[in-house]
Structures are given as structure tokens and as C-alpha cells.
Amino acid sequence: VNVSALEVSPDFLRDGMAFAGTMADGVFRSTDRGATWESSSFGLLDLNVQDLATSPAFGRDETVYAATTSGVFHSHNGGRAWREVAFPPGAGSVQCLACSPDFSVDGTLFAGTEASGIYRSTDRGRTWQASGDPLANACINAVAISPDYPRDGTLLVATESGIYVSRDAGQRWRRCAELPGALCLALAPTFAAGGPAMAGLP
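Described in the following lines is the structure provided in the data block. Everything numeric here is computed off the predicted structure, so don't read it as measured data.

**Regarding the sheet that holds strand β14 (residues 155–159)**
Working step 1: Here 4 strands make up an open sheet; going across it, the order is β13-β14-β15-β16 and the pairing antiparallel. Every interior strand has two partners, whereas the edge strands, β13 (140–145) and β16 (174–177), have only one. Sheet twist, expressed as the mean angle between neighbouring strand axes with direction ignored, is 30°.
Working step 2: In terms of strand pairing, strand β15 (residues 162–166) meets β16 through 3 bridges, oriented antiparallel.

Pasting the structure below:
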């Protein structure tokens with residue numbers, strides 16, 4: 001099994017839940033802090049999972065999303081069953097996902113694609129809006145959202161040509177670092193107060 005993504009419940013200390021996405025075998029779920037795993041792919045029509053994202057309120061809503069080579073799927077029962085999200089046709093493979101820290105209120109979800117830039121949903125994935133230039137046809141490898149996103153509207157994406165930042169919830173973008181091909185991003189909890197952002201390079 002080739003594991004492509006790992007995600008833990010935001011309430012992990014209490015529920016011990018973790019998810020693993022694989023390149024050909026769908027999603028696996030653990031409810032005992034990774035000691036044992038079980039296949040959890042019922043309804044997942046594309047088993048090539050590239051990323052996973054849990055709702056920050058997972059302890060209450062049990063919502064988790066999966067990015068696949070054909071689009072996005074969601075589960076509202078902790079990964080036990082999945083349904084396909086109506087992702088824009090022609091957008092191609094979805095490589096990364098991120099939920100707003102205030103997802104239970106604003107319903108905001110970002111999806112980065114292999115060749116069509118980044119898409120934003122503000123209604124939990126029911127509808128999507130595409131980013132414009134300069135990311136309209138970009139390969140998005142990773143997306144990271146500011147811990148203070150509800151107030152500062154800041155997010156970063158890693159692309160083949162560098163790191164881009166938006167300060168207005170994904171409407172406009174500018175390149176902020178020449179790190180072509182970065183594969184992952186992480187923001188410190190203190191990011192909004194000037195804390196660091198980290199990028200993983202190949």
C-alpha cells in the first residue's frame with residue numbers, strides 16, 4: 001500500500017482517529033491512534049487519493065474530504081461512507097485540500113489542482129470558484145491557511161514556479177518566494193503575529 005496522505009482528527013487526544021489516503025487503495029481509518037487500520041472507502045469511486053482534510057469541528061460534524069485524481073469526495077460520518085462533490089468539470093486531478101479554521105461557520109474549503117490552479121468553495125463544497133491569474137493554469141502542490149484566516153484572509157500555495165500568497169481569501173495572488181517545485185507547506189500557530197511559514201522541497 002502506497003500511502004499518499006495522512007490526517008488526524010483535530011480532536012485526536014480524545015477520539016484517537018486518523019486517516020490514511022493511498023494511491024490505489026482508497027482511505028484507511030484508525031480509531032486507536034494508529035495501532036490498527038481498516039479500509040474505509042465505501043462510496044469512494046476513485047481510489048487514487050492524493051490528500052485529505054478534516055473539518056476543524058470534526059469532533060462534532062465528523063466531516064472529512066478526500067482529494068482524488070478525478071475530483072473531491074466528502075464524508076459526514078467520520079470516513080465510514082463517501083459521496084462525490086460536484087467539482088468543476090475539466091478541472092482535472094485534485095492534489096491538495098485545506099479547510100478554513102472557521103469551517104463550521106464560513107464553510108470555506110480550498111482545492112489545488114494539477115493544471116487548473118486553485119478553487120475555493122464557501123458552501124462546504126457544493127459550488128466552486130476558480131482562481132484567476134497568475135494561478136489560472138498553475139500546478140498547485142500544497143495549500144496552507146493562516147490560523148487567523150477568518151480575520152486576515154491569508155493563505156499560501158506552493159506551485160511549480162514558487163510560493164504565492166493571497167491576503168484577500170484567494171481573490172488576488174502574488175509570488176512571495178522563489179521556491180519552485182515546493183511540495184508541502186506548514187504555517188506556525190503564531191503565523192498571523194509574524195511567525196514562520198515552512199516549505200518542503202524535493
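**Quick notes on the pairing of strand β2 (residues 18–22)**
Working step 1: The buried fraction of β2 is high, at 5 of 5 residues.
Working step 2: Residues Ala18, Ala20 and Thr22 point to one face of β2 and Phe19 and Gly21 to the other, with burial holding for every one of them.
Working step 3: Both strand β1 (residues 3–8) and β2 contribute to a ladder of 5 bridges, which runs antiparallel. Across the sheet, Leu6 pairs through a bridge with Ala20, a residue of β2.
Working step 4: In this structure, the hairpin formed by β2 and strand β3 (residues 27–30) is closed by a connection of 4 residues, where Gly26 is found at a positive phi of approximately 75°.

**So, the pattern of salt bridges**
Working step 1: Counted according to the given criterion, the structure contains 6 salt bridges.
Working step 2: A salt bridge links Glu62 to Arg80, with the nearest nitrogen and oxygen atoms 3.4 Å apart. Separated by 18 residues along the polypeptide, Glu62 in the loop between α2 (58–61) and β6 (64–68) and Arg80 in the loop between β7 (71–75) and β8 (83–84) bring together distant segments of the chain.

**Quick look at the sheet that holds β3**
Two strands in a sheet stick together by hydrogen bonds in their backbones, pointing the same way (parallel) or opposite ways (antiparallel).
Working step 1: Spatially, the 4 strands line up as an open sheet ordered β1-β2-β3-β4, and their pairing is antiparallel. On the outer flanks of this sheet lie β1 and β4 (38–39), each paired with one strand and no other.
Working step 2: Pairing between β2 and β3: 4 bridges, direction antiparallel. Pairing of Ala18 across the sheet is with Ser30, part of β3.

**Some thoughts on the side chain of Thr54**
Working step 1: Relative to the assigned elements, Thr54 resides in strand β5 (residues 49–54).
Working step 2: Residue class for Thr54 comes out buried when judged on its relative accessible area of 7%.
Working step 3: Polar contacts involving the side chain of Thr54 include one to the side chain of Glu7, which spans 3.0 Å.

**Observations concerning the packing of aromatic side chains**
Working step 1: The tally for this structure, following the rule as stated, stands at 5 aromatic pairs.
Working step 2: Ring geometry for Tyr65 and Phe103: centres 6.0 Å apart, planes at 80°, overall edge-to-face. Taken together, the residues Tyr65 in strand β6 and Phe103 in helix α3 (residues 103–106) connect sequence positions 38 residues apart.
Working step 3: Relative to Trp128, the ring of Phe87 has its centre 4.9 Å away and its plane inclined at 70°; by these criteria the two rings are edge-to-face. With a gap of 41 residues between them, Phe87 in the loop between β8 and β9 (94–99) and Trp128 in the loop between β11 (118–121) and β12 (129–130) connect regions that are remote in the sequence.
Working step 4: Judged by its relative accessible area of 12%, Trp128 falls in the buried class.
Working step 5: Against the face of Phe12 rests Arg33, its NZ or CZ located 5.6 Å from the ring centre.

What counts and how
Residues numbered from 1 in each chain as written. Predicted model: local features only at pLDDT ≥ 70, side-chain atom pairs only at ≥ 80, totals over all residues. Heavy atoms only, no water. Pairing = 2+ DSSP bridges. Helix = DSSP H or I, 4+ residues; strand = E, 2+ residues; numbered from the N terminus. Axes fitted to C-alpha atoms, helices over the stretch in contact; angles between N-to-C directions. Buried < 20%, exposed > 50% of the residue type's maximum accessible area, 1.4 Å probe, protein only. Salt bridge = Lys/Arg side-chain N within 4 Å of Asp/Glu carboxyl O. Polar contact = N/O pair within 3.5 Å; in protein donor to acceptor, adjacent residues only side chain to side chain. Phe/Tyr/Trp six-rings, centres within 6.5 Å; stacked < 30°, edge-to-face > 60°. Lys NZ or Arg CZ within 6 Å of the ring centre and 35° of its normal.

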